[in-house]
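What the coordinates show
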Amino acid sequence: MATAPISGTNAAPVRGRSTRQRAAVAAALDEVDEFRSAQELHDVLKHRGDSVGLTTVYRTLQSLADAGEVDVLRTTEGESVYRRCSTGDHHHHLVCRMCGKAVEVEGPVVEQWAETIAAQHGFVNVAHTVEVFGTCADCASNEK
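A brief structural summary. (Residues numbered from 1 in each chain as written. Predicted model: local features only at pLDDT ≥ 70, side-chain atom pairs only at ≥ 80, totals over all residues. Heavy atoms only, no water.)

1. Focus on a nonpolar patch on the surface
A surface patch of nonpolar side chains, about 210 Å² in accessible area, is lined by L94, V103 and V132. You can see V132 is positioned in strand β6 (residues 131–134). For V132, a relative accessible area of 42% puts it in the partly exposed group. (Patch = residues over 30% accessible without salt bridge, like charges linked within 9 Å, V, L, I, M, F, W, Y side chains within 5 Å. Areas by Shrake-Rupley, 256 points an atom, 1.4 Å probe, with all protein chains shown as cover. Salt bridge = Lys/Arg side-chain N within 4 Å of Asp/Glu carboxyl O. Helix = DSSP H or I, 4+ residues; strand = E, 2+ residues; numbered from the N terminus. Buried < 20%, exposed > 50% of the residue type's maximum accessible area, 1.4 Å probe, protein only.)

2. Considerations on the pairing of strand β2 (residues 70–74)
Put simply, side chains in a regular strand alternate between the two faces of the sheet. Of the strand pairs in this sheet, β2 and strand β3 (residues 80–84) are connected by five bridges, and their pairing is antiparallel. From the neighbouring strand, D71 faces β3, where its bridge partner is R83. Here β2 folds back onto β3 in antiparallel fashion, the turn holding five residues, of which G78 has a positive phi close to 90°. (Pairing = 2+ DSSP bridges.)

3. A few points about the layout of surface pockets
Roughly 430 Å³ of internal volume is contained in the largest pocket. Sorting the residues of the lining of the largest pocket by element identifies β2, β4 (92–96) and α4 (108–120) as the ones contributing at least two each. No other element matches α4, which puts five residues into the lining of the largest pocket. Taken together, the residues of the lining of the largest pocket break down into eleven nonpolar, nine polar and five charged. (1 Å grid on protein atoms, 1.4 Å probe; cavity = no way out; pocket = protein on both sides within 12 Å on 5 of 7 lines; lining within 4 Å. Points joined across faces, edges and corners; volume = space filled by probe spheres on them. Nonpolar A, V, L, I, M, F, W, Y, C, P; charged D, E, K, R; others polar.)

4. Brief notes about helix α2 (residues 38–48)
Every buried residue belonging to α2 is among A38, L41, H42, V44 and L45, and all of these are buried. Each buried residue of α2 lies within a common arc of 165° when the element is viewed along its axis, so the set occupies one face. Structural note: α2 exposes K46 and H47 on the side pointing more than 90 degrees away from its buried face. Where α2 is buried, its residues meet α1 (20–30), β1 (36–37), α3 (54–66) and β3. (Arc of directions from axis to C-beta. Contact = heavy atoms within 4.5 Å.)

So, in structure tokens, the structure goes:
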């Protein structure tokens, strides 16, 4: 997945102990629309001159994910990638395989299907994720 430079220093609060390093990770996330791996965020912070260890990046991302403040998905290679949620509501993603562009979408049909299939099998407290991968219009037009 392609990446773009990350810049900026304004960050939303991060749960847990407030440190300069955690604020730097949160600021980096606030500046991107694409999903990024912990390693990519760590590299960007390093190039900015922020001294943040990779372990701190992973811990901060996990803390944000646990708090529901970032979306997490697995790439086709099995790597977890993260992005700041633009909404607190349950949603799904369309993700471009080429450039990493992600669009948040609602899926009422998916929600109804998940509830129905769970009830049919006696499941309760069901959660799910649905991510749709493809090629965005910009990348598709560049391939021609």
